[in-house]
Number of protein chains: 6
Amino acid sequence: MMKLGFVSAIVPDLSLEEVVNLAADLGYECVEVCCWPKGKAERRYAGVTHIDLARFTAADAARVNDLFASRGVSISGLGYYPNPLSPNAQEAKVAVTHLRRVIRAARLLGVGVVNTFIGRDWTKTIEGNWPRFRRVWKPLIRLAEDQGVKIGIENCPMLFTNDEWPGGKNLAHSPAIWRRMFEEIPSKNFGLNFDPSHLVWQRIDYVRAAREFADRIFHVHAKDARVDSEGLYAHGILGLPPAYHTPKLPGLGDVDWGRLISVLTDAGYRGPVCVEVEDRAYERTLATRKLALAQSAAYLRQFIPARK
Amino acid sequence: MMKLGFVSAIVPDLSLEEVVNLAADLGYECVEVCCWPKGKAERRYAGVTHIDLARFTAADAARVNDLFASRGVSISGLGYYPNPLSPNAQEAKVAVTHLRRVIRAARLLGVGVVNTFIGRDWTKTIEGNWPRFRRVWKPLIRLAEDQGVKIGIENCPMLFTNDEWPGGKNLAHSPAIWRRMFEEIPSKNFGLNFDPSHLVWQRIDYVRAAREFADRIFHVHAKDARVDSEGLYAHGILGLPPAYHTPKLPGLGDVDWGRLISVLTDAGYRGPVCVEVEDRAYERTLATRKLALAQSAAYLRQFIPARK
Amino acid sequence: MMKLGFVSAIVPDLSLEEVVNLAADLGYECVEVCCWPKGKAERRYAGVTHIDLARFTAADAARVNDLFASRGVSISGLGYYPNPLSPNAQEAKVAVTHLRRVIRAARLLGVGVVNTFIGRDWTKTIEGNWPRFRRVWKPLIRLAEDQGVKIGIENCPMLFTNDEWPGGKNLAHSPAIWRRMFEEIPSKNFGLNFDPSHLVWQRIDYVRAAREFADRIFHVHAKDARVDSEGLYAHGILGLPPAYHTPKLPGLGDVDWGRLISVLTDAGYRGPVCVEVEDRAYERTLATRKLALAQSAAYLRQFIPARK
Amino acid sequence: MMKLGFVSAIVPDLSLEEVVNLAADLGYECVEVCCWPKGKAERRYAGVTHIDLARFTAADAARVNDLFASRGVSISGLGYYPNPLSPNAQEAKVAVTHLRRVIRAARLLGVGVVNTFIGRDWTKTIEGNWPRFRRVWKPLIRLAEDQGVKIGIENCPMLFTNDEWPGGKNLAHSPAIWRRMFEEIPSKNFGLNFDPSHLVWQRIDYVRAAREFADRIFHVHAKDARVDSEGLYAHGILGLPPAYHTPKLPGLGDVDWGRLISVLTDAGYRGPVCVEVEDRAYERTLATRKLALAQSAAYLRQFIPARK
Amino acid sequence: MMKLGFVSAIVPDLSLEEVVNLAADLGYECVEVCCWPKGKAERRYAGVTHIDLARFTAADAARVNDLFASRGVSISGLGYYPNPLSPNAQEAKVAVTHLRRVIRAARLLGVGVVNTFIGRDWTKTIEGNWPRFRRVWKPLIRLAEDQGVKIGIENCPMLFTNDEWPGGKNLAHSPAIWRRMFEEIPSKNFGLNFDPSHLVWQRIDYVRAAREFADRIFHVHAKDARVDSEGLYAHGILGLPPAYHTPKLPGLGDVDWGRLISVLTDAGYRGPVCVEVEDRAYERTLATRKLALAQSAAYLRQFIPARK
Amino acid sequence: MMKLGFVSAIVPDLSLEEVVNLAADLGYECVEVCCWPKGKAERRYAGVTHIDLARFTAADAARVNDLFASRGVSISGLGYYPNPLSPNAQEAKVAVTHLRRVIRAARLLGVGVVNTFIGRDWTKTIEGNWPRFRRVWKPLIRLAEDQGVKIGIENCPMLFTNDEWPGGKNLAHSPAIWRRMFEEIPSKNFGLNFDPSHLVWQRIDYVRAAREFADRIFHVHAKDARVDSEGLYAHGILGLPPAYHTPKLPGLGDVDWGRLISVLTDAGYRGPVCVEVEDRAYERTLATRKLALAQSAAYLRQFIPARK
């Protein structure tokens, strides 16, 4: 059966130990641990470092694992979402270098999955990004294979603000592109961190996608999104996506979770489903962010059984 | 975050202390306390007196507040729903007099909201009621301002039985009327006790209404309603409303609670959401009415987090 | 097969001969001829006198029939829509007296159907109108039986303006009421002039109604109605009906004509379907009203075959 | 109020005592106990014997009742689902003989309901099965009346595999057939074990059926079913039902449980609602089957209150 | 562009010459000519012989073609719909023998398409019919190839009466079966006479089917069907199909003709679209059947242009 | 009442005289005449010159008007759709210069409307295009005012091919932008050539837009568009628009023409509705393009009456 977890990005102000305790207290079975390099976050929800991988050793890994085991919680995956195809060569280099570090750390920790973005030069078409995608990602996937780690690409278009216009900062946003990615690099370690919330507003049938890509889904994000008819009327789908949709907690948006979980269970998915909180109505204080996690668990337990 | 509560009218047979204990036992965070004048109820769900305001003093208020505090429960509002515009002058006078008493009591208790009806002479058009609305309500709202109390008008048409035909006993049932009310008496203390169940069968988009009147919503009632196709076929919308709809517990009717709570959270609503039980299938005994409250809490906790 | 016609009320400025020519020129097969007593119209679409029945003889009837026959057009029914249950005794008396005249004229003309309203004292409930309905209508239906004429009651609530509030000026607006009417006066000559446009905004399933009352449908009006979401939001269904819907030509509203005609054909209905133009966008001049009839015929010929 | 239970067929590997403990631990209030004759199961979910009725005495019954009482759980009904109309005379005879035994045992246990199938010779039409239905079932219902036991016929068509084609192994699958059954044998002890999941894929309005047959519903199965658009496209409704639908846990299929429970509460149904797990995604191990029961309870508690 | 035609079966009482004149008079561009062997019809719409092929020569063909040319009408296809897989060996033999005759006649006439059924032993499963399908149809398709004629299999399940239960008399009713047929006999001369009306009640997406099988569609039947909710409620999809649907003229059923024709135009279909009248409401007299053809043409001309 | 016309771009191979004859023969009442400068078309449907404005005099205008009058057809507007905001300065200059010429010609011809595009530098955001929009369009609108001509901006995003990515070549594609345009240049001569087909795939409610901008709609294009679920699944709305939609004739796409025309009639629109053929299935030959115009007229005459 699936395991319910959350993404640690929503509690950057907690220590790893506090994160583990929070998960256990709220009845979560796992956590996706954010592993940005230490330093300033360049955007919301980024730059969170719950495990510092700068000089990460087997001993560090053992300590982390002991901490999780002590509360009966597991690590669903390591999360780091930069832009490895950034037109800014320095930014891209940092991304790739740290990503390699995250992959190696996953191995040390015995964690099977690293979640990240493909990245994109947002000023270019998909076609225009392809040669660089191939160049950057072939060696990364090879490393993942060597380390026995799976790479779960989140399907977020990263197209929310004017500086991400027009193409967004992550190529991997549609079934057509996924098909091409997996044909280009046909590795069993290359797959998806499947988030239905981004598909809802793109009008992509996420239930059908969950079926088609069932064997590529390594990790699932439980985020929801509400399409807003007023914004859609004014701007249409050519507007910036935030003009017509709002990210929300599971159950407060347009995703039909019963249907999605129904199809995932039949497709044989038995991995983590991690709540990703990006609902501004719940973000003001640490207390409200914890309530968001409590409410999300209450909602999802209708569809994902508690283990104990 | 919102607070989950219930309206005390459903347990008229319990003392205030028992009400508070029930709330605490079922995990409710607040209660709307019914404050009719003592005496005979003139209709279902009315005439309930959980706090007798006949000679209500600061000392009484302190006792009440201590009782609530002892179980960690709060008062979401005081509730009294008479017809202050009744064509029966005596009935109207009683209503207004007691309403003034409730407003003053709210102040003593430190409770911010009093919930009530505008009332209506049901034999007259909206237009025909307007002059009297103005005359009766301007001083009432002025008093509320003086006392620092907000008035939440419930949007129930009070049109259920033949003696309420044709106009019902409460003017405030549609956005067009609300707009006019708030233009007529533009006070920040004049707003709504928003109940989506009455909008569902009126075919009024309650999600849009929640957006438009977000800053006027002082209190929310969680009641549901199911439109029944058989009755609708036979009588159409010109029939008496009970001919084609049935009040039900949240989750057993046509309200999309995920969507409504979703929009309320974004609109900044952080007040109480009080379950109002008027579902006859659950009313036969005290035990079944308590089960109704238990079930409603289980349902709504998907969308409203528990605080502890 | 059904016959396509129109109601002559829309061209009050034409003589009967011009009406017949118009029908023939536009390919209509029949006309419902309006037969108000001569004099001032008391509301839109009323007071039209295409045949003056003041002193109507068998010779007059023969002349009228010759006129129709000369262009191959027939009379679908005689139309007169007053309020025979008006609280104004004089108005009611005029209505009943003239209605008797129309029934007798139908006989003289060999026209099988007279279309009209039950009427209503709009200030009283349905129950409150019932005794008078019984008193007035039993003799009227008896007369119709004697004359071998069928009475088609149009199902319009006549609730459009404030002076018709709250009950409207015609009782016969819903299946529940029709069932009771036909139980009360179980005559084969008592039935409906079925107009789906009034059912659409009452949310009554007109397709189901067409099945249930198939053997009571003596005449059909082809009028459409568009429910307007903006008005519905502001006023809800307790508003006056024109606040949330607009009468339109067939094809420009919410009626599914293919479905309705489909069910009527299966139910064995082979009578007239008469376009009733009450679409203000087409009413400004005689020319535009003729265009309305041309357009409506073009639309309905998809579902009702032309005979020639 | 309704009682939440489960059908014991999903845990054939547990002893009756373990079943009772499981129910109590997961907060279930009752269990439908499977009572096949001991021996080899002839198909999935059949052949389960949680109470062996071979030589069942009043003393045995007392022991069973003590066991249930010790954990505050009750027996919702006895379940045995064979084919009493099998064309194989021996199979039919075994079915009828054991069914009589189950009815008598129910009496001994003070359990009011026995759940079963009508059976069918699947190679014959409904008409072709009718004479035998009458012959076999009249005495069975008479016995049930004598014993004061109600017979709840589950509305499953038993048409899942090629050897059940074309008619399935249980006549009682549609409202038209139920009407005829109850007319044929008009006993108050003859009714339904109502399972909405089989109605969903048959396109039968289960909410309307719940209303029409409210006084015939003795027991409810909470199973869900998901219609799969890909299979429906390829095979259409003339394909074998598993070609286009999948049985699922409540909340993971197309049944609108809020609506169904809503109508059942209004119709006065206060009996058991027993989760029937036939979702293959949850069947691999005893542990996952228990999780299925935990998840189903979490889902249904939104609509059915816990009693304690 | 497509050509509008009709199937001659609806006017068995007309001579071929009268059929051609009717087509021309109503603005049809082509006719599917029914070519049963002379003799008694075994079911509705069968047994019609507009061209007698008993001893059909090149001279006969020339005469037929001259007749059609004289009115500017063409033959869209020859139609003969027997059961070549009947368990009655004699019936099957007659079917195959005459089918060979029709194919040869098509060649003589220069008509490209012969429309027919695969047939079926209705008491056996699809699997059980397959060996015989292969045996009978391989030589038939080979003959069609030799004669340069295409075979359009109509996708009607032929399951309307009890004697056709359970399997119906024509295998070719779903996409899954079509795929298998065309794999089994991969000839370019083997395709479909596509009729959306049978797909509507089977819940098969006919628009998707039109895309998938675009290059197999040799002929189209314009028939419609209305699914009736009352019958569906009572019998469900396991009832005989006429229990829950009714064949109707185009525009009077559930087919979305705009969408279907839209997709067919894009898919490159440029062949005939022949109205097939099986709507009992229009069948009583020759006159009403002609009106059915007039009405259907009026409806379809919205989507298929007239050539003149 | 509205006038039915077509855009002459679809018959570039016809002379103006032939265009006028075609309109009259097909029953069209008007034509939007394409007036590109003579020369090579830079894209499909562009570069058509039915009136050469190079040296256009009052005498030329009189000749054109006589030609139209001779067949009872009128000019609905002059059409020229270039990119006046092109980043290619030369292209922009040509556009503006010729546009001025078209405006002056409209005056000479007594034609009230010139239809065109705002244009856009497609590599820049809306914001980034705004200063230039203001600079280029203020003088153009001033000229239109001086000449008594209205400018109808077509709401096409011009985003179909990779070289138009990402922004498209016409700013004016959504209500939010229209509002801003009309605020920026608040002239009564500045409005829309309203085409619902581009709104359908942008998910903009075109019926609501028709209401909001009723007094800005100077001209209407009758083009339809079909959203294709397969393309939408694969690419989502971030794909190039042709990946998920197809332009079609009226009635073959997703526009609800009855609803749109219904609202336009009520809003008082009485201008031209011109069929714009961009449906590739009908473009292969002059004959099929004429059939497209015949079919479109047949479809739209249901909603727009013929004047004859």
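For the structure, check the block above.
The rules we used
- Residues numbered from 1 in each chain as written.
- Chains lettered and ligands numbered in written order.
- Predicted model: local features only at pLDDT ≥ 70, side-chain atom pairs only at ≥ 80, totals over all residues.
- Heavy atoms only, no water.
- Helix = DSSP H or I, 4+ residues; strand = E, 2+ residues; numbered from the N terminus.
- Rg over C-alpha atoms; globule rule 2.2 N^0.38 Å.
- Buried < 20%, exposed > 50% of the residue type's maximum accessible area, 1.4 Å probe, protein only.
- Contact = heavy atoms within 4.5 Å.
- Areas by Shrake-Rupley, 256 points an atom, 1.4 Å probe, with all protein chains shown as cover.
- Lys, Arg positive; Asp, Glu negative; His and termini not counted.
- Charge placed at Lys NZ, Arg CZ, Asp CG, Glu CD.
- Expected span 1.5 Å × (residues − 1).
- Least-squares fit on C-alpha atoms with pLDDT ≥ 70 in both.
- Pairing = 2+ DSSP bridges.
- Axes fitted to C-alpha atoms, helices over the stretch in contact; angles between N-to-C directions.
- Salt bridge = Lys/Arg side-chain N within 4 Å of Asp/Glu carboxyl O.
- Core = buried A, V, L, I, M, F, W, Y, C linked by side-chain atoms within 4.5 Å.
- Buried area = accessible area lost by both parts, 1.4 Å probe.
- Polar contact = N/O pair within 3.5 Å; in protein donor to acceptor, adjacent residues only side chain to side chain.
- Nonpolar A, V, L, I, M, F, W, Y, C, P; charged D, E, K, R; others polar.
- Parallel < 35°, antiparallel > 145°, perpendicular 65-115°, else oblique.
- Left-handed = near helix turned anticlockwise from the far one by under 90°.
- Phe/Tyr/Trp six-rings, centres within 6.5 Å; stacked < 30°, edge-to-face > 60°.
- Lys NZ or Arg CZ within 6 Å of the ring centre and 35° of its normal.

Peer 1: Would you explain the overall build of chain A in this entry?
Peer 2: Within chain A one finds 10 helices and 10 strands. Over its C-alpha trace chain A gives a radius of gyration of 18 Å, about what one expects of a compact globule, namely 19 Å for 308 residues. Overall size of chain A, expressed as C-alpha extent along the three principal axes, is 50 × 40 × 40 Å. When burial is assessed residue by residue, chain A has 63% of its 308 residues classed as buried. Restricting the contact set of chain A to residue pairs at least 6 apart, pairs at least 24 apart contribute 77%. Element-wise, carbon and sulfur atoms account for 50% of the exposed surface of chain A, whose accessible area totals about 10600 Å². Between the mean site of the 41 positive side-chain charges and the mean site of the 34 negative ones, chain A shows a separation of 4 Å.

Peer 1: Which parts of the structure should I look at to understand helix α10 (residues 286–300) of chain A?
Peer 2: The α-helix winds at 3.6 residues per turn, so residues separated by three or four positions along the chain end up facing the same way. All names here are of chain A. Taking 1.5 Å of rise per residue, the 15 residues of α10 would be expected to cover 21 Å, and the 21 Å separating its terminal C-alpha atoms lies within 8% of that figure. For α10, every residue scored as buried is listed here: T288, R289, L291, A292, L293, Q295, S296, A297, Y299 and L300. Buried residues belonging to α10 abut β1 (3–7), α1 (16–26), β7 (217–222), α9 (257–266) and β10 (272–275).

Peer 1: Looking at this structure, how should I read the relation of the copies chain A and chain F?
Peer 2: Under the fitted operation, chain A is carried onto chain F by 0.0 Å of movement along the axis and a turn of 180 degrees, and the coordinates agree to an RMSD of 0.0 Å. Look at the turn and shift together and you get a two-fold axis relating the two. When the interface residues of chain A are mapped onto chain F, 100% of them again lie at the interface, so the same face is used by both copies.

Peer 1: Sorry, what's going on with the relation of the copies chain C and chain B here?
Peer 2: Each of the two copies of the chain can be brought onto the other by a rotation about an axis and a shift along it. Rotating chain C by 180 degrees about the axis while translating it 0.0 Å along that axis superimposes it on chain B, leaving an RMSD of 0.0 Å. Comparing interface residues between copies, 100% of those in chain C also sit at the interface in chain B, which points to an isologous, same-surface contact.

Peer 1: Just to check I follow, could you spell out the sheet that holds strand β10 (residues 272–275) of chain F for this structure?
Peer 2: Whether parallel or antiparallel, the strands of a sheet pair through hydrogen bonds between backbone atoms. All names here are of chain F. Around the barrel, 8 strands lie side by side as β1-β2-β3-β4-β5-β6-β7-β10; this closed barrel has parallel pairing. For this sheet the average axis-to-axis angle between neighbouring strands, irrespective of direction, equals 30 degrees. Two strands pair when backbone bridges link them, and strand β6 (residues 190–194) and strand β7 (residues 217–222) are joined in this way by 3 bridges, in the parallel orientation. Each residue of the ladder has a partner; that of N193, found in β7, is H219.

Peer 1: Sorry, what's going on with the arrangement of the chains here?
Peer 2: Kept free of each other, chain A and chain C leave a smallest C-alpha distance of 13 Å between them. You won't find any contact between chain B and chain F; their C-alpha atoms come no closer than 16 Å.

Peer 1: Whenever I open this one, the sheet that holds strand β10 (residues 272–275) of chain D confuses me. Can you help?
Peer 2: All names here are of chain D. Taken together, 8 strands build a closed barrel; the order of strands is β1-β2-β3-β4-β5-β6-β7-β10 and the barrel is parallel. Shown here is a sheet whose adjacent strand axes are inclined to one another by a mean of 30 degrees, direction ignored. When strand β4 (residues 113–116) meets strand β5 (residues 150–154), the two strands line up parallel, connected through 4 bridges. Bridging across to β5, V114 finds its partner in I151.

Peer 1: Would you explain the pattern of salt bridges in this entry?
Peer 2: Any two side chains of opposite charge can pair, given that their charged atoms come close. Across all of its chains, the model carries 102 salt bridges over all chains by this definition. Close ionic contact of K223(D) with E278(D) constitutes a salt bridge, the shortest N to O distance being 3.6 Å. Separated by 55 residues along the polypeptide, K223(D) in the loop between β7 (217–222) and β8 (224–227) and E278(D) in the loop between β10 and α10 (286–300) bring together distant segments of the chain. Here the salt bridges share partners, and the residues they tie into one network are R211(A), D266(A), R226(D), D228(D), K248(D) and D279(D).

Peer 1: Explain the side chain of R216(C) to me, please; I cannot follow it from the model alone.
Peer 2: Counting through the fold element by element, R216(C) comes out in the loop between α7 (206–212) and β7 (217–222). With residues up to four places along the chain from it excluded, the contact list for R216(C) reads F182(C), S187(C), K188(C), F190(C), G191(C) and L192(C).

Peer 1: What is the right way to look at the side chain of N83(D) in this model?
Peer 2: All names here are of chain D. Tracing the sequence through the fold places N83 in the loop between β3 (74–79) and α3 (89–109). Residue class for N83 comes out buried when judged on its relative accessible area of 4%. Setting aside anything within four residues of it in sequence, one finds N83 in contact with E91, A92, A95, G119, R120, W122 and K169.

Peer 1: Looking at this structure, how should I read the nonpolar core?
Peer 2: A general trend in soluble globular proteins is that nonpolar side chains are found buried together. Within the largest apolar cluster, 663 residues are counted, with the highest numbers of intra-cluster contacts made by W137(A), W137(B), W137(C), W137(D), W137(E) and W137(F). Leave out the neighbours within four places in its chain, and W137(A) touches P84(A), L85(A), L99(A), T116(A), F117(A), I118(A), I151(A), I153(A) and I185(A).

Peer 1: Explain the interface of chain C and chain B here, please?
Peer 2: Opposite the 34 residues of chain C that make contact, chain B presents 35 residues. At the boundary of chain C with chain B, total buried surface from both sides reaches about 2700 Å², with 65% on carbon and sulfur atoms. By the criterion of area lost to chain B, the three top residues of chain C are R203(C), Y233(C) and L238(C), representing 32% of everything that side buries. Inspection of the chain C/chain B interface yields 2 salt bridges. Residue E230(C) is joined to R208(B) by a salt bridge in which the shortest nitrogen-to-oxygen separation is 2.6 Å. Between chain C and chain B we count 10 residue pairs in polar contact (both at pLDDT 80 or more) in total. Elements with a minimum of two residues in the side of chain C that touches chain B: α5 (175–184), α6 (196–202), α7 and α8 (229–235) of chain C. Broken down by element, the side of chain C that touches chain B gets its largest block of residues, 5 residues, from α8(C). In terms of residue class, the side of chain C that touches chain B is built from 17 nonpolar, 9 polar and 8 charged.

Peer 1: Any chance you could explain the interface of chain A and chain F here in plain terms?
Peer 2: Accessible area lost during the coming together of the parts is what is often quoted as the interface size. Each partner contributes to the interface: chain A provides 35 residues, whereas chain F provides 35 residues. For the chain A face of the interface with chain F, the top three residues by lost area are R203(A), Y233(A) and L238(A), together amounting to 32%. Linking chain A to chain F there are 2 salt bridges. Joining chain A to chain F, the criterion identifies 10 residue pairs in polar contact (both at pLDDT 80 or more). Of all elements in the fold, only α5 (175–184), α6 (196–202), α7 (206–212) and α8 (229–235) of chain A reach the threshold of two or more residues within the side of chain A that touches chain F. With 5 residues, α8(A) is the largest single contributor of residues to the side of chain A that touches chain F. Partitioned by chemical class, the residues of the side of chain A that touches chain F number 18 nonpolar, 9 polar and 8 charged.

Peer 1: Sorry if this is basic, but what is going on with the packing of helix α3 (residues 89–109) of chain B against helix α4 (residues 126–147) of chain B here?
Peer 2: Residue and element names in this part refer to chain B. At a closest axis distance of 9 Å, the pairing of α3 and α4 adopts a crossing angle of 15 degrees. In this view, α3 runs roughly parallel relative to α4, as classed from their interaxial angle. The chirality of how α3 crosses α4 is right-handed. Across from A92, V96, L99, R100, I103, R104 and R107 in α3, the residues of α4 making contact are R132, V136, W137, P139, L140, L143, A144, D146 and Q147. Residue classes in the contact of α3 with α4 are distributed as 10 nonpolar, 1 polar and 5 charged.

Peer 1: Is there a simple way to think about the packing of aromatic side chains in this case?
Peer 2: In this description, an aromatic ring pair is defined by two values, namely the gap between the centres and the angle between the planes. For the structure shown, the criterion picks out 78 aromatic pairs over all chains. With a centroid separation of 6.1 Å and 40 degrees between ring planes, the pair formed by W36(C) and Y81(C) is classed as tilted. Taken together, the residues span a long stretch of sequence, with W36(C) in the loop between β2 (30–34) and α2 (58–70) and Y81(C) in the loop between β3 (74–79) and α3 (89–109) at a distance of 45 residues. By relative accessible area, W36(C) is classed as buried at 4%. An aromatic cluster of three or more residues is present, and its members are W137(A), W178(A), F182(A), F190(A), F194(A) and F213(A). Its end group placed over the ring of Y233(F), R208(A) keeps NZ or CZ at 3.9 Å from the ring centre. Stacked on the ring of F182(A), the Lys or Arg R216(A) has its end atom at 4.4 Å from the ring centre.

Keep in mind these numbers describe shape, not what the thing actually does.
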